Amino acid sequence: MMLKVDNLSKSFGRLKAVDDISFDIKKGEIFGLLGENGAGKTTTIKMLATLLRPDNGSIALNGEDVWRNRYLARQNMAIVSQEMNLEYELTVYEALHTYCLLRNKRNAKKEIENMLERLNIADKRNERTGALSGGQKRRVMTARALLSGAGMIFMDEPTIGLDPMIRREMWDIINSIKAEGRSILLTTHYTDEAEYLCGRVAIMEKGRIIHMNTPDSLINQAGTYALDINGTGQAKTMLFSDSLLLNDYLSVHNFEEYRVRRTKLEDVLISYGKSA
Ligand SMILES: Nc1ncnc2c1ncn2[C@@H]1O[C@H](COP(=O)(O)OP(=O)(O)OP(=O)(O)O)[C@@H](O)[C@H]1O
Ligand SMILES: [Mg+2]
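Definitions and cut-offs
- Residues numbered from 1 in each chain as written.
- Chains lettered and ligands numbered in written order.
- Predicted model: local features only at pLDDT ≥ 70, side-chain atom pairs only at ≥ 80, totals over all residues.
- Near = placed C-beta within 6 Å.
- Helix = DSSP H or I, 4+ residues; strand = E, 2+ residues; numbered from the N terminus.
- Nonpolar A, V, L, I, M, F, W, Y, C, P; charged D, E, K, R; others polar.
- Buried ≥ 20, exposed ≤ 12 C-beta atoms within 10 Å, placed from the backbone.
- Domains from an automatic or database assignment.
- Contact = placed C-beta atoms within 7 Å.

Asker: Tell me about the site of ligand 1, residues and numbers included.
Answerer: Inspection of the region around ligand 1 gives Phe12, Leu15, Ala17, Gly35, Asn37, Gly38, Ala39, Gly40, Lys41, Thr42, Thr43 and Gln82 as its neighbouring residues. Secondary structure elements with two or more residues in the shell around ligand 1: strand 2 (15-25) and helix 1 (41-48). Residue contributions to the shell around ligand 1 peak at three residues, all from helix 1. Here the residues of the shell around ligand 1 are counted per class, giving four nonpolar, seven polar and one charged.

This is the structure we're talking about:
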């Protein structure tokens, strides 16, 4: 087990931002943390990365409590945070080099060069990070986290604002991190991404984990047949676990326009939102 989280909670005043959540992440697993804006995902990641002290609960990395010796824990974890946090006066190369020095990595020149290539930003090495586009900044932040060599990487919406091509390149990079046996905690609002990348996902709602499973199991539980109904003045999607039930439903109703397809993780999330 790479990371084990038990009964973690954090309140801000009267708001329970994270409310008694437990989960674990295996070595080489990509674990997704999903949920609506304000569900508590970033607050959770900040506690795991020892940037925010929990009110309650425990976090163990490789069996060691992270808050007991957080300097030790930090050596084996890295974060790509939701907010941009680059030194905008530094060039891309300098930013990565400085990070390596802070991490006590000397002679990292070759590794930095490889990372620039891996993240497709080699041609930007001498640009100030402040002059980069949003997607390029995000890639520098990812390069930095990977240079740490950490076994546990927290990625808080690493693909937000990336164009579709670059987003897929990022998926390859995330998969390659996994292939190196490292573990990733990923938050995203792109459910296709979670479905593609994550071994398991936890769905948060108002600080609690309401469901946790593989994307396929969540889809199976919700019903694998999705019926999109249009042209009735109220476009909607309904989920069915059984083609017979679906056909019964269709024969009773006489929809002018509809489409049947396989359920996506996105439909599952929306169905939870509705029943809440
Ligand atoms: N420092 C803070 N002080 C007070 N309230 C906070 C603080 N940080 C977060 N919150 C509140 O805690 C709740 C959870 O916020 P959090 O950033 O963890 O959500 P999130 O799931 O990451 O959302 P998003 O998808 O929008 O990034 C929100 O209601 C937020 O307003
Ligand atoms: Mg967030």
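Asker: Describe helix 1, and please don't skip the residues or the numbers.
Answerer: Of all eight residues in helix 1, eight are buried, a share of seventy percent or more. Taken together, the buried positions of helix 1 are Lys41, Thr42, Thr43, Thr44, Ile45, Lys46, Met47 and Leu48.

Asker: Please give an account of the domain arrangement of the chain that cites residues and values.
Answerer: Annotation of the chain at the domain level lists domain 1 (3-217) and domain 2 (221-275). Summarising the inter-unit geometry, the C-alpha centres of domain 1 and domain 2 are found 35 Å apart. Between domain 1 and domain 2, the residue contacts involve ten residues of the former and seven residues of the latter. Elements supplying a minimum of two residues to the side of domain 1 that touches domain 2: helix 7 (191-197), strand 10 (208-213) and helix 8 (215-222). In terms of residue count, the dominant contributor to the side of domain 1 that touches domain 2 is helix 7 (three residues). Looking at the side of domain 1 that touches domain 2, its residues break down into five nonpolar, three polar and two charged.

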